[in-house]
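So the chains spell out like this:
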Amino acid sequence: MSQNNEKLQAGVLSVDQEENLLKPITDYVGEIQSKIDLLRKDGTDKTLELLSTIQNTKSDKSLTKAERENRILEAKKALQIAQAKEKENKPQVDELIKQAVSYLNEHFDKDYYNKVVASCAAEKELAAKRYSETAAEVKKVHAQNLSKLSGNDADAKQEIKDENYVFKNKLFDAKLTYQKDLQAIKDRKHEAFVQRYRLIDLLKMSKFSFTENMAQRYEHYKYTFNRKEWLLRNGLYLVIILVFIGLGIVTPLIKHTQLFTVNNILNILQQASPRMFLALGAAGLLMLAGTDLSIGRMIGMGMVASTIIMHKGINTGAVFGKVFDFTGLPIGVRAVFALLVCIVLCTIFTSLAGFFKAKYKMHPFISSMSNMLIIFGIVTYATKGVSFGAIENEIPAMIIPKIGNFPTIILWAAAAVVIVWFIWNKTTFGKNLYAVGGNPEAAAVSGIDVFKVTIMAFAMAGVLYGFGAWLECNRMVGSGSAAYGQGWDMDAIAACVVGGVSFSGGIGKISGVVVGVMIFTALTYSLTILGIDTNLQFVFEGIIILAAVTLDCLKYVQKK
């Protein structure tokens, strides 16, 4: 054992030995870098300096207009000379860069990096042996100490308990030391890898090639990868993928038909499209650590309103005893009018819930539950709970036509995803949404109008709900009733949670929402094809939601 340890120890490089291995490489490249710096001094460096001077002069309010124009003119003249010099020296600079990179490719791994990697491997093995020996020694001492303790009285039991406590602490300390050693070795290896790209960075002024960028990204991924965190983040998706693989195998055996055909996938995407709007709206509210229980009832309200306006002929049902007839309006006008009505109705109710949250700090669970009851009560009372039949066939053919077998309703959903992604990631409102969701008090202190952000998030949700209800009406060619959409609120919230939008607020991605919607829609469709009872489908969904929220809680607890 001792000889093996000595052999491993001999393979571990000291800091000085590492530096000695790297020195010839840095000296050679450094010499070339000095030549390049000299060539860049009056060309590239001067160009960058003059461009900065021009930009600063333009924004310098202390200068008169004439002074500003004169300085800019002088700088531009000098810039032309510098750019000409840069162009003249470029072939020499490129040749020197090529020479240095070629040298690095030939010598860096062979003369330095591979030796550091071998040293790290030996050091890692030594650390494992040290940990094993320390743990064995701790266990040995623990066994000896326990053998000296005997008796059944209270004092003896307490001594044994104390000894066990000390033993666990010593084991924990040994493991912690081992983990620190492993991290230090990992850092050392990563630092050795980075040395090459620091040299290239200076040579190329941060203009890496595609291959160099990909190599750095891959190294960064390996360096920052944490198995436990990765499983917490992706474990549920892995399980769901396995479930779908299982369904894909079982379906042909039981139903003698393939599950994942092109037509089935298009059907799943078609069914998911209106639900995408709902999930995107709900995601914004979850970002504020809220929720919305009224989504399903808003769908019912939107379906009724849309069907009444786009109804085929005079309405067969009445609203508050009045029968509406919109047949005098052009088809296109009726479609747009129905969309606007849906959006206005949904936005009014979501904004109302948002007002109570923003003004009185009322949890959206309460305000949205009130909305759910109010909407369902009003719509059911007004329509007597009847269905309003079909809408004009020309409207769906115009709004969501099929191109061959491709349902264009998918394009509506894709457009919504892109727009909401842009709002979340590229606008001030989106950044404020994350800030308010993460910590509303801190956001308020930093100058963010929390009330305004909250109202806007709820209003945006209303717009998306209205759009989703209108699209669903077109997809189903009408049949609007107050009961339509029951349970859709749970589906939308579940899709967000499975997609990684945290109930704790301030955490979530649009890509996750899209994945969540697709998972639930595909699961429901697959189980329906298999002939699984609808009630049992709820069981599957419930298990997935419970697993997703549990993982979310674990991630939150781990951060704490």
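These remarks concern the structure in this document. Note that this is a predicted model, so its numbers are computed, not measured.

1. Details of the overall build of the protein
Part 1: If you tally the helices and strands in the protein, you get 19 helices and 2 strands.
Part 2: Its C-alpha atoms give the protein a radius of gyration of 33 Å, clearly above 24 Å, the size a compact globule of 560 residues would have.
Part 3: For the protein, the C-alpha atoms occupy an extent of roughly 100 × 95 × 55 Å along the three principal directions.
Part 4: Within the span of the protein, comprising 560 residues, buried residues form 41% of the whole.
Part 5: Considering only contacts within the protein whose residues lie at least 6 apart along the sequence, 79% involve residues at least 24 apart.
Part 6: On the protein, the mean spot of the 62 positive side-chain charges and the mean spot of the 50 negative ones are 5 Å from each other.

2. Observations regarding the pattern of salt bridges
Here the idea is simple: oppositely charged side chains can pair when their charged atoms come close.
Part 1: Following the criterion strictly, the structure yields 12 salt bridges and no others.
Part 2: With its nearest N and O atoms 2.4 Å apart, the salt bridge here joins Glu 18 to Arg 188. Of this pair, Glu 18 sits in helix α2 (residues 15-41) while Arg 188 sits in helix α5 (residues 154-204), placing them 170 residues apart in sequence. Each of the two residues, Glu 18 as well as Arg 188, counts as buried.

3. Some details on the packing of helix α4 (residues 65-148) against α5
Part 1: In contact at an axis separation of 10 Å, α4 and α5 are set at 175 degrees when each is read in the N-to-C sense. Classified by the angle their axes make, α4 and α5 are roughly antiparallel.
Part 2: Across the contact of α4 with α5, the residue classes tally to 28 nonpolar, 7 polar and 13 charged.

4. Some thoughts on helix α11 (residues 364-383)
Part 1: With 20 residues, α11 extends 28 Å between its outermost C-alpha atoms, agreeing within 8% with the 28 Å of an ideal straight helix rising 1.5 Å per residue.
Part 2: Every buried residue of α11 is listed here: Pro 364, Ser 367, Ser 368, Asn 371, Ile 375, Val 379, Ala 382 and Thr 383. For α11, the buried positions fall inside an angular range of 95 degrees around the axis, keeping them on one side. In α11, the exposed positions that point more than 90 degrees away from the buried face belong to Leu 373 and Tyr 381.
Part 3: Residues of α11 that are buried in the fold lie against α9 (295-309), α10 (331-360) and α16 (450-475).
Part 4: Within two residues after α11, Lys 384 carries a phi angle of roughly 60 degrees, on the positive side.

5. A short note on unusual backbone geometry
Part 1: Its identity as a non-glycine residue notwithstanding, His 256 has a phi of 55 degrees, on the positive side.
Part 2: Tracing the chain through its elements places His 256 in the loop between α7 (227-255) and α8 (262-286).
Part 3: Of note, Lys 361 is a non-glycine position whose phi angle comes to about 55 degrees, a positive value.
Part 4: Of note, Lys 361 is situated in the loop between α10 and α11.

6. Some words on the environment of Ile 185
Part 1: Here Ile 185 shows up in helix α5.
Part 2: Of the residues examined, Ile 185 reaches a relative accessible area of 7% and is grouped as buried.
Part 3: Among all residues touching Ile 185, those that are not within four sequence positions of it are Cys 120, Glu 123, Lys 124 and Ala 127.

7. Brief notes about the packing of α2 against α5
Part 1: Close contact between α2 and α5 brings their axes to 9 Å; oriented N to C, the two are set at 15 degrees. With respect to each other, α2 and α5 are oriented roughly parallel. Between α2 and α5 lies a crossing of left-handed hand. Mapping the contact onto sequence places Val 15, Glu 18, Leu 22, Ile 25, Thr 26, Val 29, Ile 32, Gln 33, Ile 36 and Arg 40 in α2 and Arg 188, Gln 195, Leu 199, Leu 202, Leu 203 and Lys 204 in α5.
Part 2: In terms of residue class, the contact of α2 with α5 is built from 9 nonpolar, 3 polar and 4 charged.

8. So, the nonpolar core
Part 1: In terms of nonpolar packing, the biggest core is built from 96 residues, with Leu 280, Tyr 465 and Trp 470 touching the most fellow members.
Part 2: If one sorts the elements of this core by residue count, α16 sits on top with 13 residues.
Part 3: When residues no more than four places from it in sequence are discounted, the contact partners of Leu 280 are Ala 416, Val 417, Val 420, Leu 464, Ile 510 and Val 513.
Part 4: Counting 29 residues, the second-largest nonpolar core is a separate cluster that includes Ile 36, Leu 39, Val 101 and Ala 127.

9. Quick word on α10
Part 1: End to end, α10 covers 44 Å across 30 residues, agreeing with the expected 44 Å (1.5 Å per residue, within 8%).
Part 2: Where α10 terminates, the next one or two residues include Lys 361, which has phi positive at roughly 55 degrees.

10. Comments concerning the side chain of Thr 44
Part 1: Take Thr 44: it is sitting in helix α3 (residues 44-58).
Part 2: A relative accessible area of 14% places Thr 44 in the buried class.
Part 3: Of note is the side chain of Thr 44, whose polar atom sits 3.1 Å from the side chain of Glu 86.
Part 4: Beyond its immediate sequence surroundings of up to four residues, Thr 44 is in contact with Glu 86 and Met 205.

11. A look at a negative patch on the surface
Part 1: A contiguous patch of negative charge, built from Asp 37, Asp 42, Asp 45 and Glu 49, is present on the exposed surface.
Part 2: Note on placement: Asp 42 falls in the loop between α2 and α3.

12. Considerations on the state of the cysteines
Part 1: Throughout the structure, instances matching the rule amount to 0 disulfides.
Part 2: There is no disulfide at Cys 473, and the cysteine sulfur nearest it, in Cys 342, is 7.2 Å away.
Part 3: The class for Cys 473 is buried, based on a relative accessible area of 0%.

13. Things to note about a nonpolar patch on the surface
Part 1: On the surface, a nonpolar cluster with roughly 840 Å² of combined accessible area is contributed by Leu 231, Leu 238, Ile 241, Leu 242, Ile 245, Ile 249, Val 250, Leu 253 and Ile 254.
Part 2: Checked against the element boundaries, Ile 249 lands in helix α7.
Part 3: Owing to a relative accessible area of 52%, Ile 249 belongs among the exposed residues under this scheme.

14. Regarding the side chain of Thr 57
Part 1: The topology assignment puts Thr 57 in helix α3.
Part 2: Residues in contact with Thr 57, not counting those within four places in the same chain, are Leu 63, Arg 68, Arg 71 and Ile 72.

15. A word on the packing of aromatic side chains
Part 1: For the coordinates displayed, the defined rule picks out 23 aromatic pairs.
Part 2: Here Phe 277 and Phe 467 contribute two aromatic rings whose centre-to-centre distance is 5.4 Å and whose plane-to-plane angle is 15 degrees, an arrangement assigned as stacked. Of the two residues, Phe 277 is situated in helix α8 and Phe 467 in helix α16; the sequence distance between them amounts to 190 residues. Phe 467 carries the same exposure label as Phe 277, and that label is buried.
Part 3: Ring geometry for Phe 355 against Tyr 360: centres 6.0 Å apart, planes inclined by 85 degrees, an arrangement best described as edge-to-face.
Part 4: Residue classification places Tyr 360 among the exposed positions, given a relative accessible area of 51%.
Part 5: Lying over the aromatic face of Trp 488, Arg 275 brings its terminal NZ or CZ to 4.0 Å of the ring centre.

Calculation rules
Residues numbered from 1 in each chain as written. Predicted model: local features only at pLDDT ≥ 70, side-chain atom pairs only at ≥ 80, totals over all residues. Heavy atoms only, no water. Helix = DSSP H or I, 4+ residues; strand = E, 2+ residues; numbered from the N terminus. Rg over C-alpha atoms; globule rule 2.2 N^0.38 Å. Buried < 20%, exposed > 50% of the residue type's maximum accessible area, 1.4 Å probe, protein only. Contact = heavy atoms within 4.5 Å. Lys, Arg positive; Asp, Glu negative; His and termini not counted. Charge placed at Lys NZ, Arg CZ, Asp CG, Glu CD. Salt bridge = Lys/Arg side-chain N within 4 Å of Asp/Glu carboxyl O. Axes fitted to C-alpha atoms, helices over the stretch in contact; angles between N-to-C directions. Parallel < 35°, antiparallel > 145°, perpendicular 65-115°, else oblique. Nonpolar A, V, L, I, M, F, W, Y, C, P; charged D, E, K, R; others polar. Expected span 1.5 Å × (residues − 1). Arc of directions from axis to C-beta. Left-handed = near helix turned anticlockwise from the far one by under 90°. Core = buried A, V, L, I, M, F, W, Y, C linked by side-chain atoms within 4.5 Å. Polar contact = N/O pair within 3.5 Å; in protein donor to acceptor, adjacent residues only side chain to side chain. Patch = residues over 30% accessible without salt bridge, like charges linked within 9 Å, V, L, I, M, F, W, Y side chains within 5 Å. Areas by Shrake-Rupley, 256 points an atom, 1.4 Å probe, with all protein chains shown as cover. Disulfide = S-S within 2.5 Å. Phe/Tyr/Trp six-rings, centres within 6.5 Å; stacked < 30°, edge-to-face > 60°. Lys NZ or Arg CZ within 6 Å of the ring centre and 35° of its normal.

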